[in-house]
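# Structure at a glance
What follows is each chain in one-letter form.
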Amino acid sequence: MHYPGDAEDSLITTNRFDKFSEVERKIKQNREMVFVVKPPAGPLAGELQVLDDLKTSGSKIEQR
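An account of the accompanying structure is given in this report.

Definitions and cut-offs
- Residues numbered from 1 in each chain as written.
- Predicted model: local features only at pLDDT ≥ 70, side-chain atom pairs only at ≥ 80, totals over all residues.
- Heavy atoms only, no water.
- Helix = DSSP H or I, 4+ residues; strand = E, 2+ residues; numbered from the N terminus.
- Buried < 20%, exposed > 50% of the residue type's maximum accessible area, 1.4 Å probe, protein only.
- Polar contact = N/O pair within 3.5 Å; in protein donor to acceptor, adjacent residues only side chain to side chain.
- Contact = heavy atoms within 4.5 Å.
- 1 Å grid on protein atoms, 1.4 Å probe; cavity = no way out; pocket = protein on both sides within 12 Å on 5 of 7 lines; lining within 4 Å.
- Points joined across faces, edges and corners; volume = space filled by probe spheres on them.
- Nonpolar A, V, L, I, M, F, W, Y, C, P; charged D, E, K, R; others polar.
- Expected span 1.5 Å × (residues − 1).
- Arc of directions from axis to C-beta.
- Axes fitted to C-alpha atoms, helices over the stretch in contact; angles between N-to-C directions.
- Parallel < 35°, antiparallel > 145°, perpendicular 65-115°, else oblique.

Take the side chain of Asn30 next. Within the secondary structure layout, Asn30 lies in the loop between helix H1 (20-29) and strand S1 (34-37). We classify Asn30 as buried; its relative accessible area is 17%. Separated by 3.0 Å, the side chain of Asn30 and the backbone oxygen of Lys26 make a polar contact. Excluding anything up to four places from it in sequence, Asn30 contacts Met1 and Phe35.

In this structure, the largest pocket spans a volume of roughly 670 Å³. In terms of lining residues, the largest pocket is bounded by 21 residues, among which Asn15, Arg16, Phe17, Val37 and Lys38 are the most central. Looking at which element gives the most residues to the lining of the largest pocket, the answer is H1, with four residues. Among the residues forming the lining of the largest pocket, the class breakdown is eleven nonpolar, three polar and seven charged.

On to helix H2 (residues 45-56). Over its twelve residues, H2 extends 16 Å from the first C-alpha to the last, a length consistent with the 16 Å expected when each residue adds 1.5 Å. For H2, the set of buried residues is Glu47, Leu51 and Leu54. Within H2, the buried residues cover an arc of 65 degrees as seen down the axis, which keeps them to one side. More than 90 degrees from the buried face of H2, the exposed residues found are Ala45 and Thr56. Looking at the buried positions of H2, the neighbouring elements they touch are H1, S1 and strand S2 (60-63).

On to the packing of H1 against H2, then. Between H1 and H2, the least distance of the axes is 10 Å, while the angle of their chain directions is 5 degrees. Comparing the axis directions of H1 and H2 gives the class roughly parallel. Across the interface between the two elements, Phe20, Glu24, Ile27 and Lys28 from H1 touch Glu47, Val50, Leu51 and Leu54 from H2. Tallied by class, residues from the contact of H1 with H2 come to five nonpolar, no polar and three charged.

Fair warning: the whole summary comes from geometry, so function is off the table for now.
Here it is as structure tokens:
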């Protein structure tokens, strides 16, 4: 996660999540931040759709 306008290499925190629902909650709680998300190998289609939906609703998400 980093502040808008800052480069990706200026991350202020990194987190690992076991469940995709935890990622979704963190993004919704911190909408003003930019999230750099690296999905797991072989993510479920629904999980990727959640990221797309969050982007559409205005969340700032960058995928690696």
